[in-house]
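Here is what each chain is made of, one letter per residue.
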Amino acid sequence: MQRTDIANPAYFHKVVDCQYACPAHTPVPEYIRLIAQRRYGDAYMINWVSNVFPGILGRTCDRPCEPACRRGRVEESNAQKPEPVAICRLKRVAADMKEDVRARMPVPEPRNGKRIACIGAGPASLTVARDLAPLGYEMTVFDEGTQAGGFMRTQIPHFRLPESVIDEETGYILDLGVEFRGGERIDSMKALMAQDWDAIFVGCGAPRGRDLDLPGRQEAAARIHIGIDWLASVSFGHITSIGERVIVLGGGNTAMDCCRSARRLGGTDVKVIVRSGFEEMKASPWEKEDAQHEGIPIINFHVPKAFVLEDGKLVGMRFEIVRAQYDAQGRRSLVPTGEPEAFFECDEVLVAVGQENAFPWIERDCGLDFDKWGLPVLDKTTFQSSVPHVFFGGDAAFGPKNIIEAVAHGHEAAVSIDRLLHGESIQLRPAPMTNLMSQKMGIHEWSYDNDITNDLRYKVPWAKAEMALASIRVEVELGFDAATAFKEAERCLNCDVETVFTEVACIECDACVDICPMDCISFTANGEEAELRQRLKAPALNLAQDLYVSGGLKTGRVMVKDEDVCLHCGLCAERCPTGAWDMQKFLIKMTPAGPQSRDARVAPKQGVPA
């Protein structure tokens, strides 16, 4: 193997698993350390730069960072399965406990004469506005709703996300001089393109919920509701009650929000019925757990067949019972079990079987190309459409995803728009800014706490059930208090503080090998990666994680470290008699829109996921 190039921005970025997995590349360990120091405002601002909505995401994020968390791979406990650091809930701590940060928001530069329209006031459009307004662009955000937030406001129930949090964090963006035209629906892309806009960003989401064309659907239409439309009506107060017996169809997060909302609006017998297996449901594991915690059963492997009416009134649904069957390639199909059809009584049905894009306002002869699924044809790096000055992002780009994905799209689209309007190629993407800084404060002292706590993941307290289920607006999760936040923050392994090896200082005494608690350091002859992984002190079997390989040592051997299970505890550096090992904090910052992203020397981005 070749000597590892630690100057490559992607190398240590990948080692910081949580940040690498975050679509917006939030510096997770950095803000968690600040929370442990009770510097909540600083932690919030680090989040704000990357993910824009710390308070919202601290309650609703799909948490791609947590499955990647190293703690979940190295922790051992007989009491429960290893669990990652509660990264998402610590983000909420920063938002809830911060001081007033309005004075820390950017001051917009003088207007530069460029006008940009953003369609939809959801997370993607607001991120574009947040990135470009401080640079002097005249940003105008259109939305048919009267308040900013998009689906964050209309699709996420208030018991999960209070309106006050949405108001605060959308307000920070609008206060940058962004014009919000609420209650103004765009009905024609041609008409919009005919106006004097230098660029247009479409972030209108995936506004149409899928329906089920089954027998009885039209006859029982008054008692059958499309999930996302029903949630919006609940959010605006147009719907305040529901029948006692409710069936929710679907296995995604929208279905979980529907069933929990129905429980609060009067449903006493609420059940979720899904065609797939429980483990295959698209809903996040914690969303399923929360629904079950509230006494809502989830019935799987039931395929809906018909809505049943008596005397013109909906009384239930019929389902075919199926099982999963896999072919030689591992592809799944659902096959009938042969059991009699199941019947479940109900008064109302909420259909939450998916969402799809709908662009009835975009004329198909306006120059924009669409694929066979009705999605715009886009460059997946720049988010540019077939019309050079029109960009898409969020659910409107590649179909329904989540808030943090929409934020990431907004950041990249803002870079593209900024470069385009400065006459530069948008295919050339700015490289991230990186830095390595030694944490040495003495021979055996570091500027961070490297003591590894054995504490298990702390539970977030909930409001009492009788209060939480009595109102659609009572927030269920109460969040960590300061003491618990500190203890949870201490579970972080500081994966951004890297073990940096200097081979010329090594005397091959093997002291680091002896002290390493994870047996992840080996001194051995070099070789091909597949063979080398097998003969390390502890075989490195996780191919998704790199090997850190040094140059040749005096004996001809090389140092090989398995990045997969390293605790970043610093014991190797503390034991080393020559200082060949050092603990250095790695900082990566994705280059935002602005002068830094317009450096003519930038090259195509490689190795760092968009």
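Details of the structure are given in the entry above.
Predicted, not measured: the structure shown is a model, and the values here were computed from it. (Residues numbered from 1 in each chain as written. Predicted model: local features only at pLDDT ≥ 70, side-chain atom pairs only at ≥ 80, totals over all residues. Heavy atoms only, no water.)

1. Examining the overall build of the protein
Okay, step 1: For the protein, the count of helices and strands is 22 helices and 22 strands.
Okay, step 2: The C-alpha atoms of the protein give a radius of gyration of 26 Å, which matches the 25 Å a tight globule of 610 residues would have.
Okay, step 3: Burial statistics for the protein: of 610 residues in total, 56% are counted as buried.
Okay, step 4: Across the protein, the fraction of contacts at a sequence separation of at least 24, relative to all contacts at a separation of at least 6, is 72%.
Okay, step 5: For the protein, the accessible surface area stands at approximately 25,900 Å², while carbon and sulfur atoms represent 51% of it.
Okay, step 6: On the protein, the mean spot of the 69 positive side-chain charges and the mean spot of the 87 negative ones are 1 Å from each other. (Helix = DSSP H or I, 4+ residues; strand = E, 2+ residues; numbered from the N terminus. Rg over C-alpha atoms; globule rule 2.2 N^0.38 Å. Buried < 20%, exposed > 50% of the residue type's maximum accessible area, 1.4 Å probe, protein only. Contact = heavy atoms within 4.5 Å. Areas by Shrake-Rupley, 256 points an atom, 1.4 Å probe, with all protein chains shown as cover. Lys, Arg positive; Asp, Glu negative; His and termini not counted. Charge placed at Lys NZ, Arg CZ, Asp CG, Glu CD.)

2. Let's talk about the sheet that holds strand β21 (residues 558-562)
Okay, step 1: Judged by pairing direction, the sheet is antiparallel, and its three strands sit side by side in the order β19-β21-β20 without closing on themselves. With one partner strand each, in any of the chains shown, β19 (521-524) and β20 (547-549) form the two edges of the open sheet. Direction aside, neighbouring strands of the sheet carry axes that sit 25° apart on average.
Okay, step 2: In the sheet, β20 pairs with β21 via three bridges, with the strands oriented antiparallel. The partner of Y548 across the bridge, within β21, is K561. (Pairing = 2+ DSSP bridges. Axes fitted to C-alpha atoms, helices over the stretch in contact; angles between N-to-C directions.)

3. Quick look at the packing of helix α4 (residues 40-51) against helix α17 (residues 403-420)
Okay, step 1: For the pair α4 and α17, interaxial distance at closest approach is 9 Å and the crossing angle is 70°. When the interaxial angle is binned, α4 and α17 end up roughly perpendicular. Contact residues: α4 offers V49, S50 and N51, while α17 offers I404, V407 and H411.
Okay, step 2: In the contact of α4 with α17, the residues fall into three nonpolar, three polar and no charged. (Parallel < 35°, antiparallel > 145°, perpendicular 65-115°, else oblique. Nonpolar A, V, L, I, M, F, W, Y, C, P; charged D, E, K, R; others polar.)

4. Observations concerning the pattern of salt bridges
Okay, step 1: Under the counting rule described, the total for this entry stands at 53 salt bridges.
Okay, step 2: Residue E356 pairs with R208 through a salt bridge whose shortest N-O separation is 3.2 Å. Of this pair, E356 sits in strand β15 (residues 355-356) while R208 sits in strand β5 (residues 208-209), and the two are 148 residues apart along the sequence.
Okay, step 3: The exposure class assigned to E356 is partly exposed, which follows from its relative accessible area of 27%.
Okay, step 4: Residue classification places R208 among the partly exposed residues on the basis of a relative accessible area of 43%.
Okay, step 5: Taken together, the shared-partner salt bridges connect D17, R70, R73 and D564 into one network. (Salt bridge = Lys/Arg side-chain N within 4 Å of Asp/Glu carboxyl O.)

5. Comments concerning helix α9 (residues 123-132)
Along an α-helix, a turn takes 3.6 residues, which lines up residues three or four apart on a common side.
Okay, step 1: Burial analysis of α9 places 10 of its 10 residues in the buried class, which makes it a mostly covered element.
Okay, step 2: By the burial criterion, the buried members of α9 are P123, A124, S125, L126, T127, V128, A129, R130, D131 and L132.

6. Details of the sheet that holds strand β8 (residues 269-273)
Okay, step 1: The strand order across the open sheet formed by five strands is β6-β14-β7-β8-β9, and the pairing between neighbours is parallel. Of all strands in the sheet, those bounded by a partner on one side alone are β6 (224-226) and β9 (298-299).
Okay, step 2: Across three bridges, the pairing between β6 and strand β14 (residues 348-351) is parallel. Directly across from I226, in β14, lies its bridge partner V351.
Okay, step 3: Packing of helix α13 (residues 227-235) onto the sheet brings it into contact with β6 and β14, and relative to β6 it is tilted by some 90°.

7. Notes on the packing of aromatic side chains
Okay, step 1: For the structure shown, the criterion picks out 12 aromatic pairs.
Okay, step 2: Taking the centre distance of 5.8 Å and the plane angle of 50° together, the rings of F383 and F398 count as tilted. On the criterion of sequence distance, the pair formed by F383 in the loop between β15 and β16 (390-392) and F398 in helix α16 (residues 395-398) is long-range, its members being 15 residues apart.
Okay, step 3: The class of F383 is buried, set by a relative accessible area of 4%.
Okay, step 4: Chaining the aromatic ring pairs together yields one cluster made of Y11, F12, Y548 and F586.
Okay, step 5: Note that R115 overlies the ring of W197, its terminal NZ or CZ placed 4.0 Å from the centroid.
Okay, step 6: Over the ring of W48 we find R130; its NZ or CZ atom is 4.4 Å from the centre of that ring. (Phe/Tyr/Trp six-rings, centres within 6.5 Å; stacked < 30°, edge-to-face > 60°. Lys NZ or Arg CZ within 6 Å of the ring centre and 35° of its normal.)

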